[in-house]
Amino acid sequence: MDSALIPEGVKRCPTWQFIIWIGVVGAVMMWGVFAILLVYIKGLNQTNMNNAYGFALWIWADLTVIALGGGAFFTGFLRYIIGKDELKHIINYAVLIGFICYSSALLILGFDVGQPLRAWFIFWHANVHSMLTEVAFCLTCYFGVLCIEYLPLALENRQIDKVPFFHHLSHNMHEIMAVFAATGAFLSFFHQGSLGGVPGVMFGRPFGFREGVLIWPWTFFLFTWSAAAGGPCFTILITKITEKAVRKKLVKDNVIELLAKISGWMLVGYMVAKIIDTWYWAAFTAPSKGFTLMDFYANNPGSVYGIWILIAEIGVCGVLPALILITDKGRKNRIALFLAVLLAVLGVCLNRWVMVLQVLAVPVLTFENWAQYLPSWQEIATTILPVAYGIIMISLSYRYLPVFPQERELNPIEAPVSQTQEQLPEPETPPAGAEPEPSPSGS
Amino acid sequence: MEKENSKKFGMVIDLDKCTGCGSCMVACMAENNIPFREDETDKLLSVSWMHVYRLTNVKPFPDTEECYLPRPCQHCEGHHGHSPCVSVCPATATDYDMDTGIVSQIYTRCFGCRYCMAACPYHVRQFNWWDPLWPDGMEKSLNPNVSVRMRGVVEKCSFCIHRYQLAKDQAYMEGRREIEEDEYQTACTQACPAGAITFGDLNNPKHAVYQMVKPDKKNGGKPKNPKAFRLLERLGTNAKVYYLSSREWVRRAGDNYLKTEGQAKHA
Amino acid sequence: MFPFSFEWIWDMGHMVFHGGLWYALSIMGLGLTYCIIKAAVDTAKGKGGYHH
C-alpha cells in the first residue's frame, strides 16, 4: 500500500503489520497525552512532587534524555569536525535519536512548569546568571540545529526527493552540514554543561554543590563529558535494539566498534575526572559545610539513597563498561559490547537521578528528615510518552527514509552484491540516499 | 551595590522566649492572604511563609528538652546579593533589593520552574500546587494590600514588604524622609505574645535588632553576640534572620558539624 | 532578551551570553537561508540530480 514511499532496495514489513505496531505504541502514547491533559487542566497537583521535591521524575527524565541525546552532537563532532569518516554510516541514526531526545526534553519542560503559558518568560526576562536560562537558550537553539540536521534525511524520502527544489535543498544542506554540526557542538557543550551547573551552583545544597572555575562548577564539565561518553553508547544501544527488532544488520561492525572505542576512552576520561571530583567533594567541599560523605548516604528510609548508588554509578556502570569498551576483545564480543553500552547508559541515568533527586532528598537543616518521593501515575505516563513517541519516530523514519546507508549492502534482497563491489572504496558522497544504480524493486 | 544609607531589614528571634504557640503563623497567613485547603495534613504541600519547627535534644527523660523555632524566609544576602534563590531564577522573578535587603518574589513573573525551591536549603519557598480558594465570604477578609497568588507559582515570606511601602507613603505625606523603627514591623513580630520576635534595620545601630546581635559587617554579618546564631551559617547564605538561645544544643542544631568538631565551635 | 526589556543591563554577563546566542542563531539562520536560496537557484537553472 505504501510501497511508493519505502526507500528502494530495502525490505519492510507489510503495511498491516506496521499499522498494528504503530497502533499499539500509539495507544501507550495516548495514555501519556491523557496524563499531560490532566496536568494542564488540573495543575501540578497531579504529580507527587511537593515543596521538598520541587524537581522530580520529569526533571530527571529531562536531564537524562538530553544526556543520552548527546550522541548526536558528539557523533556529529567526530564525523564533521574531527573527520572520522566511517561514522557517516551511523550519523543519520544518531541525529534521529538526538532529535527524538531533544524534542522530548522540550515537551517535558512544556508541562513541567507551573505556568506553561508563561514559559516564554525564560527567554524574554532572561536572567543570564541562571544556569537554567543558559539551558533553555542552548537547548532550543540546538533543537533547531537538530531539525536542520534531520531535515535533509526527511527530504530524501523517495517521493519528496522527486521534487527538484527539495532535492537541491537536501543536497545543499548536506554540503554545509559541518557548519551546523560545529554550531551544534558549541551549543551542546554549553547546555549539557549548564545542566550540570544546575545542581553545581546550589551552594545551599551540599550534596550538589561543587567548586569550579570562573562561573562554572565542576559538574558543568562532568555533565558535558558524561554526555559525550554516554550519548554515543545510547546511539549504539538503540542501533543494536533496532537491529534485533527488525532482525537485520543495519550498521557494519567496524563503524560500531569505532564509536564504541571512542566512547570507551571518553568514559575512561570521565571516570578519572568523576572519581577525582567525588574524592575532592567528599574530602574537602562537603566537610567544609559540616557533612561527611556518609551523611549523604546513610540513615535514609529503605536505603533508597544508600552508598550502593555511588558504587553502582562509578564502579558497575562506569569503570566496568569503560574497561570493556577500550579493549579490542570487549568490543568484538557482541554480548560484552551490548552489556557495556547498556551499563554506560544506566550509569548516565543514575548520575542524573542523584544529581536531581538526591540533592533535594538529603536533609540540610539538622531538624529535618530525608524527603521521600514516589512518582504518581500521571508522572510515569508522561515520562513513558517520550519513549513511545521515540519508537514511533524511529519506526516511521526507518520505514520511509534511508536512515541506514549500509542496509542495502548488508541485506541484499535481489542477487547478492558481488564481493568485488564490497571491496571498493566508499563513494565520496554524503551518507544517505540512493545508490548510483537504481535497484529493481521496492518491497 | 549597597549604598551608604541603604537598609538591611532583619529579624531576631529569641528562642528562649518562643513558646511555639503558632500566633506568628496565623498572623502571617491572615496578613499575606496565604491560601489553604480543607485537608492540610501533608505539610509538604502546604503554603506557610512562617513555619514553626519543634526541635528536641534527643535525650531520654528526664533530660529531654524541646525548643520551638519559627522560620520565616531568611532573606539571604549571600555574597553581594547572590542569595541561593535569586541567582538561579531564570526569569528574574526574584530579586535581592540592595536598598532594603529584602528578597522579593514577583508572582506574575514566576512561571513555576521551581529551581529556587530546589536551591533554598531552608524550604522557605513553597509552590501553589492548587488554585487558591477561600470559603464563601472569607474572600471579603482578604488583605487588599497583598496580591493573591495563582496556581503554579512559587511564593515565600516577604518580610511584609507592603507594610514598608505603606509606612514610607505615610512618612512622605508627613514630609519625612525616614521612617521610625516601629512604623515598619512584620505581622509575625506584632502577633508574638511572648515578644520573641524583633524586627528592624541591621544597618542601624539604634535599632533593637542591631543591638541584640551586633552583626559583624566585616565578617559576613556574623553575630558578635555569643548567644546568637544563624541557620546554616557555614553554607555562606548570609541570612538576615538571627536566633538567640542560651542553650548550647539549640545553637548547635542551627548548623551541621562533623563529629570531630568540638562543642566549643559555636560558643 | 532584548535591550529594551527593563531588567537589561549592559554588563559583561549580558554581552557574553547574548553575544554567544546571536552568534549561534546567525550562523544557523544564514546557513539555512543560503541553502534555501541556492536550492531555489539550482531548481530554476534546472540542474541535474545529485546522487548522495
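Look a little higher up for the structure.
Rules behind the numbers
Residues numbered from 1 in each chain as written. Chains lettered and ligands numbered in written order. Predicted model: local features only at pLDDT ≥ 70, side-chain atom pairs only at ≥ 80, totals over all residues. Heavy atoms only, no water. Contact = heavy atoms within 4.5 Å. Buried area = accessible area lost by both parts, 1.4 Å probe. Salt bridge = Lys/Arg side-chain N within 4 Å of Asp/Glu carboxyl O. Polar contact = N/O pair within 3.5 Å; in protein donor to acceptor, adjacent residues only side chain to side chain. Nonpolar A, V, L, I, M, F, W, Y, C, P; charged D, E, K, R; others polar. Phe/Tyr/Trp six-rings, centres within 6.5 Å; stacked < 30°, edge-to-face > 60°. Buried < 20%, exposed > 50% of the residue type's maximum accessible area, 1.4 Å probe, protein only. Helix = DSSP H or I, 4+ residues; strand = E, 2+ residues; numbered from the N terminus. Lys NZ or Arg CZ within 6 Å of the ring centre and 35° of its normal. Expected span 1.5 Å × (residues − 1). Core = buried A, V, L, I, M, F, W, Y, C linked by side-chain atoms within 4.5 Å. Axes fitted to C-alpha atoms, helices over the stretch in contact; angles between N-to-C directions. Parallel < 35°, antiparallel > 145°, perpendicular 65-115°, else oblique. Pairing = 2+ DSSP bridges.

A. Main features of the interface of chain C and chain A. Tallying the contact residues gives 32 residues for chain C and 35 residues for chain A. Here chain C and chain A share an interface that buries about 2,800 Å² over both sides, 75% of which is from carbon and sulfur atoms. Taken together, the links from chain C to chain A amount to zero salt bridges. For the pair chain C and chain A, the interface holds one residue pair in polar contact (both at pLDDT 80 or more). Of the residues that constitute the side of chain C that touches chain A, the class distribution is 16 nonpolar, 11 polar and five charged.

B. Inspection of the packing of aromatic side chains at higher detail. A complete count under the given rule lists 48 aromatic pairs over all chains for this structure. Here A:Phe189 and A:Phe190 contribute two aromatic rings whose centre-to-centre distance is 5.3 Å and whose plane-to-plane angle is 90°, an arrangement assigned as edge-to-face. Relative accessible area serves as the criterion here: at 35%, A:Phe189 is assigned to the partly exposed category. Judged by centre distance (4.9 Å) and plane angle (80°), the ring pair of B:Tyr184 and B:Phe199 falls under edge-to-face. Of this pair, B:Tyr184 sits in the loop between helix H3 (161–173) and helix H4 (187–191) while B:Phe199 sits in strand S8 (residues 197–201); the two residues are 15 residues apart in sequence, bridging distant segments of the chain. One exposure class covers both B:Tyr184 and B:Phe199, and it is buried. Here the guanidinium or amino end of B:Arg37 rests over the ring plane of B:Trp130, the centre of that ring lying 3.4 Å away. If you follow B:Arg114 out to its NZ or CZ, it ends over the ring of B:Phe127, 5.4 Å from the centre.

C. Structural context of helix H2 (residues 57–68) of chain A. Residues and elements named next belong to chain A. Taking 1.5 Å as the rise per residue, H2 with 12 residues should run 16 Å; its terminal C-alpha atoms sit 16 Å apart, in good agreement. Across the 12 residues that make up H2, a large majority, 12, are buried. Those residues of H2 lying buried are Leu-57, Trp-58, Ile-59, Trp-60, Ala-61, Asp-62, Leu-63, Thr-64, Val-65, Ile-66, Ala-67 and Leu-68.

D. Structural view of the nonpolar core. By size, the foremost hydrophobic cluster in this structure holds 209 residues, and its most contacted members are A:Phe207, B:Tyr115, B:Tyr122, B:Phe159 and B:Tyr184. The residues touching B:Phe159, leaving out its near neighbours within four places in the chain, are B:Phe9, B:Gly10, B:Met11, B:Cys73, B:His75, B:Ile102, B:Tyr184, B:Thr186, B:Phe199 and B:Val241. By size, the runner-up hydrophobic cluster in this structure holds seven residues, among which are B:Val12, B:Leu202, B:Val209 and B:Val213.

E. Representation of the packing of helix H4 (residues 88–112) of chain A against helix H9 (residues 218–246) of chain A in the model. All names here are of chain A. The interhelical angle for the contact between H4 and H9, taken along N-to-C directions, is 105°, at an axis separation of 10 Å. By the angle class used here, H4 and H9 are roughly perpendicular. Where H4 approaches H9, its residues Ile-90, Tyr-93, Ala-94, Ile-97 and Cys-101 are matched on the opposing element by Phe-234, Thr-235, Ile-238, Thr-239 and Thr-242. Along the lines of polarity and charge, the residues of the contact of H4 with H9 split into seven nonpolar, three polar and no charged.

F. Expanded view of the interface of chain A and chain B. Listed by partner, the interface residues are 49 residues for chain A and 53 residues for chain B. Summed over both sides, the interface of chain A with chain B buries roughly 4,300 Å², with 58% coming from carbon and sulfur. When residues of chain A are sorted by the area they lose upon contact with chain B, A:Asn51, A:Phe203 and A:Phe367 head the list and together hold 18% of the total. Scanning the region where chain A abuts chain B turns up one salt bridge. Of the charged contacts, one joins A:Asp112 and B:Arg114 as a salt bridge, the two residues approaching to 2.9 Å between their closest N and O atoms. The tally of links between chain A and chain B comes to 30 residue pairs in polar contact (both at pLDDT 80 or more). Partitioned by chemical class, the residues of the side of chain A that touches chain B number 24 nonpolar, 19 polar and six charged.

G. Main features of unusual backbone geometry. Residue and element names in this part refer to chain B. Geometrically, the link from Phe-61 to Pro-62 is a cis peptide bond, its omega value of 10° lying close to zero. Assignment of secondary structure puts Pro-62 in the loop between strand S2 (51–56) and strand S3 (66–71). Even without glycine at this site, Asn-33 takes up a positive phi of about 50°. You can see Asn-33 is positioned in the loop between helix H1 (23–31) and S2. Notably, Thr-92 is not glycine yet its phi reads approximately 50°, a positive angle. Residue position: Thr-92 is located in the loop between S3 and strand S4 (94–96).

H. Structural view of helix H14 (residues 377–400) of chain A. Across its 24 residues, H14(A) extends 34 Å between first and last C-alpha, which sits within 8% of the 34 Å expected from 1.5 Å per residue. Most of H14(A) is tucked away: 18 of the 24 residues are buried.

I. Broad picture of the pairing of strand S1 (residues 9–14) of chain B. Residues and elements named next belong to chain B. Burial runs high along S1: six of the six residues are buried. In S1, alternate side chains face the same way, and those of Phe-9, Met-11 and Ile-13 on one face and Gly-10, Val-12 and Asp-14 on the other are all buried. Pairing between S1 and S8: five bridges, direction antiparallel. Bridge pairing in S8 links Ile-13 to Ile-197. As paired elements, S1 and strand S12 (residues 241–244) share four bridges and run parallel to each other.

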